[in-house]
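# Observations on the three-dimensional arrangement
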Amino acid sequence: MKKNITVINGDGIGPEVTAQAVRVLNAVAEKFNHHFSYTYCLMGACAIDQTGNPLPDETIETCLNSDAILFGAIGDLKYDNDPTAKVRPEQGLLKLRKSLQLFANIRPIVTYSSLHHLSPLKESKLTGVDFVIFRELTGGIYFGKKTLSEDQLQASDECVYAASEVERIAHIAFQHATLRKKKLTLVDKANVLETSRLWRRTIQQIAAQYPGVAVDYMFVDNAAMQLIVSPQQFDVVLTENMFGDIISDEASVLSGSLGMLPSASYGICTALFEPIHGSYPQAAGKDIANPIGSILSVAMMLDYFNLLTEANVVRQAVNWTLQNGFVTKDIDPINFYFTTTVGELISDFVLNNIKIDEINRENIELRKSTII
Ligand code: IPM
Ligand code: MN
């Protein structure tokens with residue numbers, strides 16, 4: 001299979017984790033005889049530095065003409081600490097989402113038994129947690145009209161949804177639910193917000209077309225609590241843009257590290273794959289960031305290409321590193337391995353250069369970091 005992939009490294013740890021994900025894609029290509037070619041594009045703070053624009057037109061053009069996009073991370077402290085900045089890195093990502101109409105953001109949340117100890121939750125709450133958040137990504141308060149009064153003492157952000165925007169993501173979420181445990185939870189604030197009542201009405205109508213799927217409705221404040229006290233109850237969670245942003249970060253603590261989580265964004269043309277973590281500028285250039293969120297995003301990309309065996313080999317490789325303690329500093333702050341080492345081990349596993357029973361741990365240990 002031949003695929004053209006646009007790679008957007010972005011800012012902070014973006015380039016480092018993406019390099020390991022590309023390495024894994026190359027291993028998949030070699031092992032399974034595919035041909036993946038890559039075009040690198042700018043977006044974010046690095047794009048502002050080089051072109052003055054967080055999303056150059058050239059990047060949009062290249063994305064539109066590719067089969068998939070692999071994206072790293074966006075954001076830089078110099079903008080985070082300056083709320084008056086007119087041009088911001090995040091504008092690039094938001095504009096890309098809008099330009100490509102990437103309306104469905106899919107964030108799977110799973111837990112790994114070897115990482116249970118990293119979560120602030122009790123192990124009994126974590127076993128078997130396996131759900132997917134479907135976050136609407138191109139509407140709502142993120143994209144509504146924004147105002148700031150002249151004296152700068154009043155501001156507003158409008159939240160708008162059309163029923164059609166709710167319907168298109170709802171169908172994807174319901175279809176996904178039919179392939180899973182057949183349970184869908186709509187998270188909203190229908191006791192207060194008109195947009196949430198629109199969501200609820202629309203979902204109630206669509207639910208009739210999926211009689212096999214049990215639907216429940218949960219206010220977002222309660223959902224925030226339920227995610228912590230009883231995360232095993234969830235299967236498919238569907239929600240609007242900002243609620244999805246917030247609860248997906250919250251849900252990430254279940255898996256033990258934000259660095260582990262992948263995501264996919266589907267729209268009407270090219271799909272985009274990215275880890276859900278941010279640019280983590282403090283770790284940039286140190287070779288300590290966790291590349292697994294990006295590598296598992298590549299697994300989602302392979303699923304999207306319908307290369308299911310390949311995707312599963314990547315997931316197996318990731319599980320193998322976790323089970324053997326070949327993990328980055330976020331997971332084991334004392335005995336940790338570098339970003340590049342974890343990427344190399346996963347790629348080698350995919351290529352079958354590592355047999356599960358024949359690990360030459362000593363060689364790997366040579367590149368291991370220790371804290372004195
Ligand atoms: C995310 C991020 C973005 C968002 C930021 C970087 C604009 O937090 O993808 O979750 O809020 O959507
Ligand atoms: Mn977020």
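Residues numbered from 1 in each chain as written. Chains lettered and ligands numbered in written order. Predicted model: local features only at pLDDT ≥ 70, side-chain atom pairs only at ≥ 80, totals over all residues. Heavy atoms only, no water.

### Topic: the side chain of aspartate 11
Looking at the element boundaries, aspartate 11 is found in the loop between β1 (2–10) and α1 (14–32). Those residues in contact with aspartate 11 that sit more than four places away from it in its chain are Met43, Gly44, Ala45, Cys46, Ala73, Ile74, Gly75, Pro89 and Ser279. (Helix = DSSP H or I, 4+ residues; strand = E, 2+ residues; numbered from the N terminus. Contact = heavy atoms within 4.5 Å.)

### Quick notes on the pairing of strand β4 (residues 104–110)
Taking burial as the measure, the seven residues of β4 include five buried ones, the bulk of the element. As judged from the seven bridges shared by β4 and strand β5 (residues 130–136), these two strands associate in the antiparallel manner. Note that in β5 the partner of isoleucine 106 across the bridge is phenylalanine 134. The sheet contact formed by β4 and strand β11 (residues 262–266) spans three bridges and is antiparallel. Bridge pairing links isoleucine 106 to alanine 264 in β11. (Buried < 20%, exposed > 50% of the residue type's maximum accessible area, 1.4 Å probe, protein only. Pairing = 2+ DSSP bridges.)

### Side note on the site of ligand 1
Taken together, Ile74, Glu90, Arg97, Arg107, Arg135, Tyr142 and Asp245 are the residues near ligand 1. A distance of 2.7 Å separates an oxygen atom of ligand 1 from a polar atom in the side chain of arginine 97. One nitrogen or oxygen atom from the side chain of arginine 135 is found 2.8 Å from an oxygen atom belonging to ligand 1. Protein contact buries 77% of the 320 Å² of open area that ligand 1 shows by itself. Judged by its atoms lying within 2 Å of the grid points, ligand 1 is housed in the largest pocket. Per-class residue counts for the shell around ligand 1 are two nonpolar, no polar and five charged. (Near = heavy atom within 4 Å. Polar contact = N/O pair within 3.5 Å; in protein donor to acceptor, adjacent residues only side chain to side chain. Areas by Shrake-Rupley, 256 points an atom, 1.4 Å probe, with all protein chains shown as cover. 1 Å grid on protein atoms, 1.4 Å probe; cavity = no way out; pocket = protein on both sides within 12 Å on 5 of 7 lines; lining within 4 Å. Sits in = over half its atoms within 2 Å of the grid points. Nonpolar A, V, L, I, M, F, W, Y, C, P; charged D, E, K, R; others polar.)

### Observations regarding unusual backbone geometry
The phi dihedral of tyrosine 280 is positive, around 40°, even though this residue is not glycine. Counting through the fold element by element, tyrosine 280 comes out in the loop between β12 (271–275) and α11 (292–304). Although it is not a glycine, asparagine 352 sits at a positive phi angle of roughly 70°. Considering the arrangement of structural elements, one finds asparagine 352 in the loop between α13 (339–350) and α14 (361–366).

### Some details on the nonpolar core
Grouped together as the largest cluster of nonpolar side chains are 68 residues, with contacts concentrated most on Phe36, Phe174, Leu238, Leu302 and Leu322. With eight residues, α11 is the largest single contributor of residues to this core. Among the domains, domain 1 (1–112 + 258–372) and domain 2 (120–255) are the pair contributing at least three residues each to this core. For phenylalanine 174, the contacting residues outside a window of four places in its chain are Leu184, Ile203, Ile206, Ala207, Tyr210, Val213 and Val215. One finds Met218, Val220, Phe243 and Leu261 within the second-largest nonpolar core, a separate group that totals 19 residues. (Core = buried A, V, L, I, M, F, W, Y, C linked by side-chain atoms within 4.5 Å. Domains from an automatic or database assignment.)

### Remarks on helix α8 (residues 194–207)
With 14 residues, α8 extends 20 Å from end C-alpha to end C-alpha; this agrees with the ideal 20 Å at 1.5 Å per step. For α8, the set of buried residues is Thr195, Ser196, Leu198, Trp199, Arg200, Thr202, Ile203, Ile206 and Ala207. Lining the buried residues of α8 we find β5, α7 (163–178), β8 (183–188), β9 (214–219), β10 (236–239) and α10 (241–255). (Expected span 1.5 Å × (residues − 1).)

### Observations regarding the sheet that holds β8
Spatial ordering of the open sheet is given by β2-β1-β3-β12-β11-β4-β5-β10-β8-β9, a layout of ten strands whose pairing is mixed. Two strands bound the open sheet, and with one partner strand each, they are β2 (35–41) and β9. Sheet twist, expressed as the mean angle between neighbouring strand axes with direction ignored, is 25°. Relative to β9, β8 is paired through six bridges, and the arrangement is parallel. Considered in β9, the bridge of threonine 185 is made with aspartate 216. Against the sheet, helix α3 (residues 57–64) contacts β1, β2 and β3 (68–73), and its axis sits at roughly 150° relative to β1. (Axes fitted to C-alpha atoms, helices over the stretch in contact; angles between N-to-C directions.)

### Overview of the side chain of glutamate 274
Within the secondary structure layout, glutamate 274 lies in strand β12. If we ignore the near neighbours within four places in the chain, the residues touching glutamate 274 are Phe71, Arg97, Pro262, Ser263 and Ser297.

### What about the domain arrangement of the protein chain?
According to the domain assignment, the protein chain contains domain 1 (1–112 + 258–372) and domain 2 (120–255). A separation of 25 Å is found between the C-alpha centroids of domain 1 and domain 2. Each side of the interface is counted separately: domain 1 has 19 residues, and domain 2 has 25 residues. Overall, the association of domain 1 and domain 2 removes approximately 2,100 Å² of surface from exposure, summing both partners, and the carbon and sulfur fraction of that is 62%. Counting the surface domain 1 buries against domain 2, the share from its top three residues, Phe103, Arg107 and Ile109, is 33%. Seen at the junction of domain 1 and domain 2, the total is nine residue pairs in polar contact (both at pLDDT 80 or more). Mapped onto the side of domain 1 that touches domain 2, the elements with two or more residues apiece are α5 (89–99) and β4. Per element, the largest residue contribution to the side of domain 1 that touches domain 2 is seven residues, and it comes from β4. Grouping the constituent residues of the side of domain 1 that touches domain 2 by class yields twelve nonpolar, four polar and three charged. (Buried area = accessible area lost by both parts, 1.4 Å probe.)

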